[in-house]
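Single-letter residue listing:
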Amino acid sequence: MIETIRTILGKVGGLGAAPADIATDADLYALGLTSFASVQLMLAIEEAFDIEFPDHLLNRKSFASIDAIERTVGDILKDQKVA
């Protein structure tokens, strides 16, 4: 999952560093992730993982780092299996 997230970040993140060089706990906003890029990131993640972010997860915290994105996507996928 992390490699997929890194690939998406490379395409839409507009970050100042190569996604492969970014620590999974690094603050993506400090690295240059803008609000517009975070929306593009969300849409690309939804498409890649065939999920939809619920409204309560559409916040800065959900996209703060690669780790945060992985946790958020994992939670959404778990919820889908339960439903």
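Residues numbered from 1 in each chain as written. Predicted model: local features only at pLDDT ≥ 70, side-chain atom pairs only at ≥ 80, totals over all residues. Heavy atoms only, no water.

A. Just the packing of aromatic side chains, in detail. If you walk through the whole model with that rule in mind, you get one aromatic pair. Lying across the ring of Tyr29, Arg60 places its NZ or CZ 3.9 Å from the centre. (Phe/Tyr/Trp six-rings, centres within 6.5 Å; stacked < 30°, edge-to-face > 60°. Lys NZ or Arg CZ within 6 Å of the ring centre and 35° of its normal.)

B. Broad picture of the environment of Glu52. Checked against the element boundaries, Glu52 lands in the loop between α2 (35-49) and α3 (66-82). Taking relative accessible area as the criterion, Glu52 reaches 61% and is therefore assigned exposed. Contact partners of Glu52, with chain neighbours within four places excluded, come to Glu46, Ile76 and Gln80. (Helix = DSSP H or I, 4+ residues; strand = E, 2+ residues; numbered from the N terminus. Buried < 20%, exposed > 50% of the residue type's maximum accessible area, 1.4 Å probe, protein only. Contact = heavy atoms within 4.5 Å.)

C. Representation of α2 in the model. Between its first and last C-alpha, α2 extends 21 Å over 15 residues, near the 21 Å set by a 1.5 Å rise per residue. Buried within α2 are the following residues: Ala37, Ser38, Leu41, Met42, Ile45, Glu46 and Phe49. For α2, the elements touching its buried residues are α1 (2-12) and α3. Of the residues trailing α2, Asp50 is marked for its positive phi of about 50°. (Expected span 1.5 Å × (residues − 1).)

D. Summary view of α3. Here α3 is 17 residues long and its end C-alpha atoms lie 24 Å apart, about the 24 Å a rise of 1.5 Å per residue gives. All of the buried residues along α3 are Ile66, Ala68, Ile69, Thr72, Val73, Gly74 and Ile76. The inward-facing, buried residues of α3 abut α1 and α2.

E. The side chain of Glu46, seen in detail. Residue placement: Glu46 occurs in helix α2. No salt bridge is formed by the buried Glu46; its nearest oppositely charged neighbour, Lys11, is found at 16 Å. Setting aside anything within four residues of it in sequence, one finds Glu46 in contact with Ile51, Glu52 and Phe53. (Lys, Arg positive; Asp, Glu negative; His and termini not counted. Salt bridge = Lys/Arg side-chain N within 4 Å of Asp/Glu carboxyl O.)

F. A look at the nonpolar core. Residues Leu41, Ile45, Phe53 and Ile69 are the most contacted members of the largest nonpolar core, which totals 22 residues. Looking at this core, the elements with two or more residues in it are α1, α2 and α3. Per-element accounting of this core gives the leading share, five residues, to α2. The contacts of Ile69, once residues within four sequence positions are left out, are Ile5, Leu28, Leu41, Ile45, Ser62 and Phe63. (Core = buried A, V, L, I, M, F, W, Y, C linked by side-chain atoms within 4.5 Å.)

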